[in-house]
Amino acid sequence: MPAATMPVQSHPYYDDFPSVKFRNLDTDSYQECEDAIKNHSTKNFIVDFGGAAQDRGQAWCALDVDPKTLNIREFLGKKRELRLRTRWINIFNPYDQADLVDAITSFYGFSPRLGKVITTPPALPRRPGTPSLRPSLRLRDRILGRTSGEVTDAEAPRAAPSQFLLPPMPATNEPMRVGQTLEMVGMSNVMNPENKMNYMNLVRSVWYFHAVEWGGRFICLGFNNHHKTSPESWDPKPEPPKLDDDEEEVFDTGDYNPEGKRVWSWLILCDDGTVISIQEPLGPGLNPSDILTIRRNMLTVFRSLSLSPTAKASIAKADNSAVGSGMDDLPFRRHQVQSENVHGGPSLLFYYLFDDWISTYSFVLGRGAPYSTHMRDLRNQMHKDPQLSHLSKLHRLSRQLATLKRMYETKKIIVDNVLNRQEQSHSKKTGQVQKWVDERDPNDPSISYAATMGDSDVLGVPLGPLSVAKFERLRDRIKLYALGELEALLLEKTELETLTFNLISLKQSTTVELLTRVTIWFAGFTFVFLPLTLVTGYFSMQFKSITDKYTERTFWGAGGVAVTITFLILYTVGKSTRTIEFGIMWKSIKKVWFSWLDKKRDRKKRKNSQVVVSGAGT
């Protein structure tokens, strides 16, 4: 192996930080770092990397950095040379690492509000058994003429304690004082934390919520990622009440979130080439396969930062490869123009961490599964037995697809915001290609320090040309593939709703037609006995003039003539009105009483066909 490509066991850059162990990702230490990323207990990691080995690029990784033993401001403020141009800081649980997050956000000039939002956990769910503060107006209250939530003396012992903790409402219609209003809102937030105006509670409720923040030294994006994991890992769903306020059964439970695991992520690009990724905690009880699914895109990026044989073998494995054909081999350490993978490394890392193309392609390749599968099953059930309950299932699928569509539209909005901001950069305005001017070390001219990525004309950080092109491609891909597939599914859902109504109407029409046919047959059957009743009544009269005048033969002859005339009348009426159903009636009789003949005939045909096939084979 040439000297330029020999793995280095230590780097002088980290000599000032002996409390942190940095591992060389181009050696066998890579496997230890990858295993740590797959581990649920890992808190954070920091990766510094440069370009290809021919450009003396290297990659170093530190795990579980503790801000108590590492001076974060001093570490971030030290200049990095081109061999360590890009820095990736990943934090898995910002709520338990508020000191680390605060030190980073303070160094890059985040507003106190934004830093607080990142480190504030969601409010705890309400304890079971605590009634809602929103009183219900039940049927009993309406009958008794009471207002909503009014409690009588008899019901006072059974009332919830929280109802007596609230400040009393004014008896008049006068407006409440500001202090009294704030007191009630504070009491409500204390007793019902889930109703508290909390940022992460909003993120959990609105899956398509997003954030785009711009600063003098950073771009900050916040968004929800959607992953197909096992149902055990999904967010817990509130148990719907069995009865509503009127003590009637609840028909719609309001469960409209897509199937899968939602994970909120912060992605930040800083002007010194640092990319910060922050994920909310995944929660306890996740199996390793679900963790691997959620962090699959992160692992794909991480493997591409290493030149070790272990990383290359992991990329080549069929079970690790997302799509295959080399699409998992990202160009961070590839030998090419230095401005693309060295100076443009932070922008590329920012793009690839944002673009979870594995999930997007899996949704497109699966043609909208599992929602398309649910619709196909519903279509088959409708053709067999259409029910109104199918509309409720279609409504739930519609809301899930609408939420998923808004999630992809949110990503498109984020991309549009990022690209629109790049249009204001100095290079776009002047038409000049951005040139990177590196700073030489006065003590060692062979060492070059990376230039800052800032631009006075852009609020935030300008991206490299290659990253801008990739963001434009991502926008087109979201619009054409993901949103196009979702619009097709929503259109199919509308067609299924129309089909449900049509099939139910057809079913009802068929039922009415069957009842009408049965009624006609019974009416005809009754009409046959009408002349016989008349003949019987005539011959049974006790008049002297007819007594002993007619014989039994005369009676049956008259009855036969009457029945014959009746059948002729029924045939004439049925033929003229097209209500003769002899063929259908015979098929029904044959199906009920002689179906065994058809089964016997089918068995005989199958037996003869098997004999013919065996004879042809011999």
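What comes next is a walk through the structure. (Residues numbered from 1 in each chain as written. Predicted model: local features only at pLDDT ≥ 70, side-chain atom pairs only at ≥ 80, totals over all residues. Heavy atoms only, no water.)

**Notes on the overall build of the protein chain**
Tallying secondary structure elements over the protein chain gives 21 helices and 10 strands in all. When each of the 618 residues of the protein chain is scored for burial, the buried share is 41%. Counting contacts in the protein chain only where the partners sit at least 6 residues apart, residues at least 24 apart contribute 75% of the total. Per element, the accessible surface of the protein chain, about 35600 Å² overall, is 58% carbon and sulfur. (Helix = DSSP H or I, 4+ residues; strand = E, 2+ residues; numbered from the N terminus. Buried < 20%, exposed > 50% of the residue type's maximum accessible area, 1.4 Å probe, protein only. Contact = heavy atoms within 4.5 Å. Areas by Shrake-Rupley, 256 points an atom, 1.4 Å probe, with all protein chains shown as cover.)

**Re the pattern of salt bridges**
Within the structure shown, the criterion is met by 15 salt bridges. Note that Glu-32 and Arg-23 form a salt bridge whose closest N and O atoms lie 3.1 Å from each other. The exposure class of Glu-32 is partly exposed, given its relative accessible area of 39%. Beyond isolated ion pairs, a larger network of salt bridges with shared partners links Glu-34, Lys-38 and Arg-303. (Salt bridge = Lys/Arg side-chain N within 4 Å of Asp/Glu carboxyl O.)

**What to know about the packing of aromatic side chains**
If you walk through the whole model with that rule in mind, you get 24 aromatic pairs. On the basis of an interplanar angle of 20 degrees and a centroid distance of 4.0 Å, the ring pair of Phe-110 and Phe-218 is categorised as stacked. Of the two residues, Phe-110 is situated in the loop between α3 (98-107) and α4 (112-119) and Phe-218 in strand β6 (residues 218-227); the sequence distance between them amounts to 108 residues. A relative accessible area of 10% means that Phe-110 is categorised as buried. Judged by its relative accessible area of 4%, Phe-218 is buried. For the pair Tyr-199 and Phe-209, a centre-to-centre distance of 5.5 Å together with 80 degrees between the ring planes defines the contact as edge-to-face. With a gap of 10 residues between them, Tyr-199 in helix α8 (residues 199-205) and Phe-209 in the loop between α8 and β5 (211-214) connect regions that are remote in the sequence. (Phe/Tyr/Trp six-rings, centres within 6.5 Å; stacked < 30°, edge-to-face > 60°.)

**Some words on the pairing of strand β7 (residues 261-270)**
Extensive coverage of β7 is indicated by the burial of 10 of its 10 residues. Burial along β7 is two-sided: the residues Lys-261, Val-263, Ser-265, Leu-267 and Leu-269 and Arg-262, Trp-264, Trp-266, Ile-268 and Cys-270 are all buried. The pairing of β6 with β7 spans 10 bridges and is classified as antiparallel. Each residue of the ladder has a partner; that of His-226, found in β7, is Arg-262. The pairing of β7 with strand β8 (residues 274-279) spans five bridges and is classified as antiparallel. In the strand pairing of β8, Leu-269 is matched with Val-275. Here β7 folds back onto β8, and the loop between the two strands holds three residues, one of which, Gly-273, carries a positive phi near 85 degrees. (Pairing = 2+ DSSP bridges.)

**Re helix α1 (residues 29-38)**
Along α1, the residues classified as buried are Tyr-30, Cys-33, Glu-34, Ala-36 and Ile-37. Along α1, the residues classed as buried sweep out an arc of 155 degrees about the axis, all on the same side. (Arc of directions from axis to C-beta.)

**Some thoughts on a positive patch on the surface**
Together, Lys-599, Lys-600, Arg-603, Lys-604 and Arg-606 make up a region of like positive charge exposed at the surface. With respect to the secondary-structure elements, Arg-603 resides in helix α21 (residues 595-617). We classify Arg-603 as partly exposed; its relative accessible area is 48%. (Patch = residues over 30% accessible without salt bridge, like charges linked within 9 Å, V, L, I, M, F, W, Y side chains within 5 Å. Lys, Arg positive; Asp, Glu negative; His and termini not counted. Charge placed at Lys NZ, Arg CZ, Asp CG, Glu CD.)

**Structural notes on the nonpolar core**
Phe-45, Trp-88 and Phe-302 are the most contacted members of the largest nonpolar core, which has 68 residues in total. Broken down by element, the residue count for this core peaks at 12 residues, all from helix α18 (residues 465-539). Contact partners of Phe-302, with chain neighbours within four places excluded, come to Leu-25, Tyr-30, Cys-33, Glu-34, Ile-37, Phe-45, Val-47, Cys-61 and Trp-88. (Core = buried A, V, L, I, M, F, W, Y, C linked by side-chain atoms within 4.5 Å.)

**Quick word on the packing of α18 against helix α19 (residues 552-577)**
The contact between α18 and α19 brings their axes to 9 Å, and the two run at 150 degrees. Our classification of the angle between α18 and α19 gives roughly antiparallel. For the element pair α18 and α19, the recorded crossing hand is right-handed. Counting all contacts with α18, which are made through Gly-524, Phe-527, Val-528, Pro-531, Leu-532, Val-535, Thr-536 and Phe-539, the residues of α19 involved are Thr-554, Phe-555, Ala-558, Gly-559, Ala-562, Val-563, Thr-566, Phe-567, Ile-569 and Leu-570. (Axes fitted to C-alpha atoms, helices over the stretch in contact; angles between N-to-C directions. Parallel < 35°, antiparallel > 145°, perpendicular 65-115°, else oblique. Left-handed = near helix turned anticlockwise from the far one by under 90°.)

**Some thoughts on the pairing of strand β2 (residues 44-49)**
Of all the six residues making up β2, six are buried; the element is thus mostly covered by neighbouring parts of the structure. Note that β2 and strand β4 (residues 86-91) share six bridges and pair antiparallel. The residue bridging Asn-44 from the neighbouring strand is Ile-91, located in β4.

**A closer look at the side chain of Thr-403**
Here Thr-403 lies in helix α16 (residues 389-422). By relative accessible area, Thr-403 is classed as buried at 9%.

**Quick word on the side chain of Arg-262**
In this fold, Arg-262 is placed in strand β7. At 3.0 Å, the side chain of Arg-262 forms a polar contact with the side chain of Asn-224. Within the structure, the side chain of Arg-262 is placed 2.7 Å from the side chain of Glu-280, a separation counted as a polar contact. Once residues within four sequence positions are removed from consideration, Arg-262 is found in contact with Val-203, Arg-204, Trp-207, Asn-224, Asn-225, Asp-235 and Glu-280. (Polar contact = N/O pair within 3.5 Å; in protein donor to acceptor, adjacent residues only side chain to side chain.)

**Some words on the sheet that holds β4**
Spatial ordering of the open sheet is given by β1-β3-β2-β4-β8-β7-β6-β5, a layout of eight strands whose pairing is mixed. Where the open sheet ends on each side, the last strands, each with one partner, are β1 (22-24) and β5. The average angle at which neighbouring strand axes cross in this sheet is 20 degrees, direction not considered. Relative to strand β3 (residues 59-63), β2 runs antiparallel, the two sharing five bridges. What sits directly across from Phe-45, in β3, is Leu-63. Relative to the sheet, helix α10 (residues 296-303) contacts β2, β3, β4 and β8, its axis offset from that of β4 by approximately 150 degrees. On top of the sheet, α16 reaches β5 and β6; it is set at about 160 degrees to β6, its chief contact.

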